Amino acid sequence: MPDSVTISIDAMGGDHGPSVVAPAIGVFRRRHGGEGVSFLLHGDEVAIRAELTRAAVDPAGIEVRHTDKVIAMDEKPAQAMRRGKGSSLWNAIEAVKTGEAHAVVSAGNTGALMAVSKLLLRMSAHGLERPAIVASWPTYRGITAVLDVGANVESDAEQLVEFAIMGEAFHAAVHGVARPTVGLLNVGSEDMKGHEAVREAARLLREGGFGLDYRGFVEGDDIAKGTVDVVVTDGFTGNIALKTAEGVARYIFVQLKDALTSGVMARTGALLALPALKRMRQRIDPGAINGGPLLGLNGIVVKSHGGADAKGFGNAIRITVDLARSDYLAKVGENLNRLTAVLAAPSPEETST
């Protein structure tokens, strides 16, 4: 686990580009020290340096690599792979491939980020169509990692086990839980519930010897309860769960806002309650915790929300640094090799014949 790490940043990505990336480095340094962390910023050098100066960010430990080329937020992934070479996003990822950087973070086009990352870094997990996206979900007990939340619409048993392996290593590295508990999202907690893929994944997790603290099936309401540290599901179900939770969080906040602005007395109370309401919104919205790693790649890639402010992008940098300084990739690699061996071993029926 390296003490000194280099983080590659697509400085032109997202809705705000350098005007957020530059002050975000300052936010990260003020909150987390930043000792031993250096940065490679890719994009328009004049614009980046101007924003670093405007944000009063010490340029020590920051290298800017100029490129005029930018992948647009609405560009198709196929176009990004054909025409994206030399762009800020492409160059930021390539720095990880060449070993110049330990990890990369971008607020740019999600589809392009996934496609170019897969092209340059390749997948470490056999059979995954694309990197799994993990969400850090606020719960009664703290934070639960939920994956996949949208990248792989259909997942077989092997892929669900891969998600469990990657999610457990991610949660330990980023959220500091020494031995995270793991559960499979299902329509019930009984062993006979669910479709064949989720039941087979449960068997593999119980019998595969991966060293995970597997707790069995969990249901939808167990996510917010924080019943387990890591909830595993396919991208179709995970994305619906995430968008539903984000929608409910916004609905609650809007209803509270309407109620607290309905009269003079209510507005007076709202002014006093505003800081608490903002904290509550942050607490109940799974989309408010910025920085979603793309798991399953031969390298560390973190996606920031496109509209993130400096505080949000600073949090994405923090997650990227935590992963880069952890044994995440080595731990995932060991367990994926173990999974390959388990799948290659003859079944009990085969050995008895």
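Structure: above.
One structure accompanies this document, and this report is about it. The model shown is predicted, which means the values in this text are computed figures rather than measured ones.

Some remarks on the pairing of strand β8 (residues 213-218)
Then comes step 1: Burial of β8 is extensive: 5 of the 6 residues sit out of reach of the surface.
Then comes step 2: A crossover connection joins strand β7 (residues 181-185) to the parallel β8 through helix α7 (residues 196-207); in handedness this β-α-β unit is right-handed.

Things to note about the side chain of Asn335
Then comes step 1: Its place among the elements puts Asn335 in helix α12 (residues 328-344).
Then comes step 2: Of the polar contacts made by the side chain of Asn335, one reaches the backbone oxygen of Phe210; its length is 3.4 Å.
Then comes step 3: If sequence neighbours within four positions are ignored, Asn335 has contacts with Ile165, Phe210 and Leu212.

Observations regarding the packing of aromatic side chains
Then comes step 1: A complete count under the given rule lists 1 aromatic pair for this structure.
Then comes step 2: On the basis of an interplanar angle of 90° and a centroid distance of 6.3 Å, the ring pair of Phe28 and Phe39 is categorised as edge-to-face. Of this pair, Phe28 sits in helix α1 (residues 18-32) while Phe39 sits in strand β2 (residues 37-43), and the two are 11 residues apart along the sequence. Side by side, Phe28 and Phe39 carry an identical accessibility label, which is buried.

Some thoughts on the nonpolar core
Then comes step 1: Grouped together as the largest cluster of nonpolar side chains are 99 residues, with contacts concentrated most on Ile7, Ile9, Phe39, Leu41, Leu184 and Ile317.
Then comes step 2: When residues in this core are grouped by element, the largest group, 11 residues, is from helix α6 (residues 157-175).
Then comes step 3: When residues no more than four places from it in sequence are discounted, the contact partners of Phe39 are Ile7, Ile9, Ile25, Phe28, Arg29, Gly61, Ile62, Glu63 and Ile317.

Some thoughts on the pattern of salt bridges
Then comes step 1: Overall, the coordinates contain 12 salt bridges when judged by the stated rule.
Then comes step 2: We note a salt bridge from Arg65 to Glu63, for which the minimum N-O separation is 2.9 Å.
Then comes step 3: Take Glu63: its relative accessible area is 38%, and that puts it in the partly exposed class.
Then comes step 4: The partner of Arg65 in a salt bridge is Glu100, and the shortest N-O contact between them spans 2.8 Å. Here Arg65, found in strand β3 (residues 62-66), pairs with Glu100, found in the loop between α4 (88-97) and β4 (103-106); they are 35 residues apart in sequence, far enough to count as distant.
Then comes step 5: For Arg65, a relative accessible area of 27% gives the class partly exposed.

Observations regarding the sheet that holds strand β1 (residues 5-10)
Then comes step 1: The 11 strands are arranged β3-β2-β1-β4-β11-β10-β5-β6-β9-β7-β8 in an open sheet whose pairing can be described as mixed. With partners counted over all chains shown, the strands left at the sheet margins are β3 and β8, one partner each. With direction set aside, neighbouring strand axes in the sheet form an average angle of 25°.
Then comes step 2: As judged from the 3 bridges shared by strand β6 (residues 142-147) and strand β9 (residues 230-232), these two strands associate in the parallel manner. Residue pairing for β9: Ala145 is matched across the bridge by Val230.
Then comes step 3: Relative to the sheet, helix α2 (residues 45-54) contacts β2 and β3, its axis offset from that of β3 by approximately 150°.

Some words on helix α9 (residues 235-260)
Then comes step 1: With 26 residues, α9 extends 37 Å between its outermost C-alpha atoms, agreeing within 8% with the 38 Å of an ideal straight helix rising 1.5 Å per residue.
Then comes step 2: For α9, the full list of buried residues reads Gly235, Gly238, Leu242, Ala245, Glu246, Ala249 and Phe253.
Then comes step 3: Of the residues flanking the start of α9, the one acting as N-cap is Asp234, its side-chain oxygen 3.1 Å from the backbone nitrogen of Phe236.

Quick word on the packing of α4 against helix α5 (residues 110-121)
Then comes step 1: Here α4 crosses α5 at 35°, and the two axes come no closer than 10 Å. When you trace α4 past α5, the crossing you get is right-handed. Contact residues: α4 offers Leu89, Trp90, Ile93, Glu94, Val96 and Lys97, while α5 offers Ala112, Leu113, Val116, Ser117, Leu119, Leu120 and Leu121.
Then comes step 2: Taken together, the residues that form the contact of α4 with α5 break down as 10 nonpolar, 1 polar and 2 charged.

Description of a nonpolar patch on the surface
Then comes step 1: A contiguous nonpolar surface patch, about 280 Å² in accessible area, is contributed by Val153, Phe236 and Ile240.
Then comes step 2: Of note, Phe236 is situated in helix α9.

Overview of the pairing of β7
Two faces belong to every sheet, and in a regular strand the side chains alternate between them.
Then comes step 1: For β7, a buried count of 5 out of 5 residues is recorded, marking the element as mostly surrounded by other parts of the structure.
Then comes step 2: Burial along β7 is two-sided: Thr181, Gly183 and Leu185 and Val182 and Leu184, pointing in opposite directions, are all buried.
Then comes step 3: Sheet topology places β7 next to β8; 4 bridges connect them, and they run parallel. In the strand pairing of β8, Leu184 is matched with Phe217.

A short note on the environment of Asp327
Then comes step 1: For Asp327, the position within the fold is in the loop between α11 (310-324) and α12.
Then comes step 2: Given the relative accessible area of 43%, Asp327 is considered partly exposed.

Calculation rules
- Position labels on residues start from 1 in each chain and follow its written sequence.
- Only residues with pLDDT of at least 70 are given local features in this predicted model, and only at 80 or more are side-chain atom pairs given and counted; all residues enter the totals for whole chains, interfaces and linings.
- The side-chain quantities take in all heavy atoms of the structure and omit both hydrogens and water.
- Only protein chains enter the accessibility calculation, which uses a 1.4 Å probe; a residue is then buried when its area is under 20% of its type maximum, exposed when over 50%, and partly exposed in between.
- A helix here means a DSSP run of H or I that spans at least four residues, while a strand means a run of E at least two residues long, and both kinds are numbered starting from the N terminus.
- Call a crossover right-handed when, viewed with both strands pointing away from you, the route from the first strand across the helix to the second goes clockwise.
- Two N or O atoms form a polar contact when they lie within 3.5 Å of each other; inside protein one atom must be a possible hydrogen donor and the other a possible acceptor, and for residues adjacent in sequence the pair counts only when both atoms belong to side chains.
- In this description, contact between two residues means that some pair of their heavy atoms is separated by no more than 4.5 Å.
- Whether two aromatic rings pair depends on their centres lying within 6.5 Å, for rings of Phe, Tyr and Trp, where Trp uses its six-membered ring; planes under 30 degrees apart make the pair stacked, over 60 edge-to-face, and the rest tilted.
- Working definition of a nonpolar core: buried Ala, Val, Leu, Ile, Met, Phe, Trp, Tyr and Cys residues. They are joined through side-chain atoms within 4.5 Å.
- By definition, a salt bridge exists where a carboxyl oxygen of Asp or Glu is found within 4 Å of a side-chain nitrogen of Lys or Arg.
- Strands are treated as partners if at least two bridges between them are detected by DSSP.
- All axes here are fitted lines through C-alpha atoms, helices being fitted over the stretch that makes contact, and every angle between N-to-C directions spans 0 to 180 degrees.
- In a helix, the anticipated span is given by 1.5 Å times the number of residues less one.
- If you view the pair so one helix is near and one far, a crossing is left-handed when the near helix is turned anticlockwise from the far one by less than a right angle, and right-handed when it is turned clockwise.
- Side-chain classes follow a simple rule in which Ala, Val, Leu, Ile, Met, Phe, Trp, Tyr, Cys and Pro form the nonpolar group, Asp, Glu, Lys and Arg form the charged group, and the remainder, Gly included, forms the polar group.
- Exposure above 30% relative accessible area and no salt bridge define the residues that can form patches, which grow by joining like charges within 9 Å and nonpolar side chains of Val, Leu, Ile, Met, Phe, Trp and Tyr within 5 Å.
- Per-residue accessibility takes into account occlusion by the displayed protein chains alone, with areas from the Shrake-Rupley method and a 1.4 Å probe.

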